[in-house]
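The lines below spell out each chain.
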Amino acid sequence: MSAIMFKGERAILHEAQTDTPVSTPGTTVLAFPSLTTTVPKEFVHRAAVAEVMLTSWKRQDDTHFAVTAQWPRAHSFFTPSEGGLHDPLIAAETIRQVGSLLAHAEYGVPLGHHFLMWGLDIAVDHGGLLVGDAPASLELVVTTTDVKHRRGSLSQLGYEAAVLREGVPVARGAASFSTATPEVYHRLRGREDLALIRALPLTAPASPQSVGRTSPVDVVLSPVDGPHRWQLRVDTRHPILFDHPVDHVPGMVLVEAARQATAEVLERSSMSPLGMNSTFKRYVELDAPCLIEATHQGRSADGGIESVQVTARQNGTEVFACLVTAHTGS
């Protein structure tokens, strides 16, 4: 379970415009076609505008939405691979942002409510992830699959998304989460000291090259005794993984841990996942050790794909699981 909260009063319904009329003294009204901006950062639970991937949205009917997004050619954390591919985890972050956008902008969830992530799945086509000579402009076809309300307010949302680049599918994904008022969230957390929670002292990182990173700052695993076992390394100063203050470990930190653990298990520093199926089971606390373990699950019948199962345990309880797939030898 991963919860996200961003402070605010209430959501403001908005539909992105494609033409912006502008008038100046002594001139006629002009229209600038297809001006692009990001959606409000609060709608996707980011503090930095630079971390907002989504650029517009439009409701098509009760269950279908059209969303647009843009991926930069370079990013400080979602770095392109050695083969010049966009990081598959930028697709995961984009699909995650879709859920909070729709919840606030289309279902009226106030900005002060909490989001509890239960699942996040992605699959990518590496051929469509090549970094071009301009940022990648994307269209997302979103279908809601599980919409529940309680006392007139959205309580749960599940959705699927197909990511298209120039009309060609390059990724697909699914996610599900529930929402909670601040009062309900505090009861669910079961802690009276949420405002006082501080992360454990920062532990030493694994070798960046062994887990598919180039900088120790971006490593989220610390070595412990035994093969393919690590302690989750929680650096609350990281400007991307901890974009704003939180009282628990964000879900994308766990997804990144699964990617890094898989890179070490497969002994490929340049490993780029084909798919990641993530399940969030409980909150991961900042102030208690979290053990990450990875197990190689073997290869597909044709030998072209291999998979790794990654789990996270805290206080003896499994809190997160992710099945990662990758091309053999890639």
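Source: prediction; values computed, not measured.

Analysis parameters
Residues numbered from 1 in each chain as written. Predicted model: local features only at pLDDT ≥ 70, side-chain atom pairs only at ≥ 80, totals over all residues. Heavy atoms only, no water. pLDDT = per-residue confidence, 0-100. Contact = heavy atoms within 4.5 Å. Core = buried A, V, L, I, M, F, W, Y, C linked by side-chain atoms within 4.5 Å. Buried < 20%, exposed > 50% of the residue type's maximum accessible area, 1.4 Å probe, protein only. Pairing = 2+ DSSP bridges. Helix = DSSP H or I, 4+ residues; strand = E, 2+ residues; numbered from the N terminus. Lys, Arg positive; Asp, Glu negative; His and termini not counted. Salt bridge = Lys/Arg side-chain N within 4 Å of Asp/Glu carboxyl O. 1 Å grid on protein atoms, 1.4 Å probe; cavity = no way out; pocket = protein on both sides within 12 Å on 5 of 7 lines; lining within 4 Å. Points joined across faces, edges and corners; volume = space filled by probe spheres on them. Nonpolar A, V, L, I, M, F, W, Y, C, P; charged D, E, K, R; others polar.

Engineer: A description of the confidence of the model for the protein chain should follow, citing residues and the corresponding values.
Structural biologist: For the protein chain, per-residue confidence averages 91 on the pLDDT scale, and 89% of positions sit at 70 or higher. This model gives residues 4–28 a pLDDT under 50, and the stretch forms 60 contacts once residues within four places in sequence are excluded.

Engineer: Residue-level account of the nonpolar core, with values.
Structural biologist: Counting 90 residues, the largest nonpolar core has W71, L101, L140, V142, L232 and I292 as its most contacted members. Excluding anything up to four places from it in sequence, L232 contacts V220, V249, V253, L254, A257, V284, C290 and I292.

Engineer: Just give me the short version of the pairing of strand β7 (residues 136–150), but keep the residues and values in it.
Structural biologist: In the sheet, strand β5 (residues 64–71) pairs with β7 via eight bridges, with the strands oriented antiparallel. Pairing of W71 across the sheet is with A136, part of β7. The pairing of β7 with strand β8 (residues 153–165) spans twelve bridges and is antiparallel. Each residue of the ladder has a partner; that of V141, found in β8, is A162. In sequence, β7 turns back onto β8 through a hairpin of two residues, with R151 there showing a positive phi of about 55°.

Engineer: Give a description of the side chain of E51 that names residues and reports values.
Structural biologist: Position of E51 among the secondary structure elements: in the loop between β3 (30–33) and β4 (54–59). Within the buried core, E51 has no salt-bridge partner, and the shortest N-O distance to an opposite charge, that of R46, equals 6.0 Å. Apart from residues no more than four positions distant in its own chain, E51 is found in contact with R46, H75, Q97, I240 and D243.

Engineer: Lay out empty space enclosed by the protein in plain terms, naming residues and giving numbers.
Structural biologist: Taken as a whole and judged by the stated rule, the model has four cavities of 30 Å³ or more. Looking at the second largest cavity, its volume works out to about 90 Å³. Taken together, 14 residues make up the lining of the second largest cavity; nearest its centre are L200, Q231, L232, V234 and L286. Each residue belonging to the lining of the second largest cavity can be placed in one class, and the counts come to nine nonpolar, three polar and two charged.

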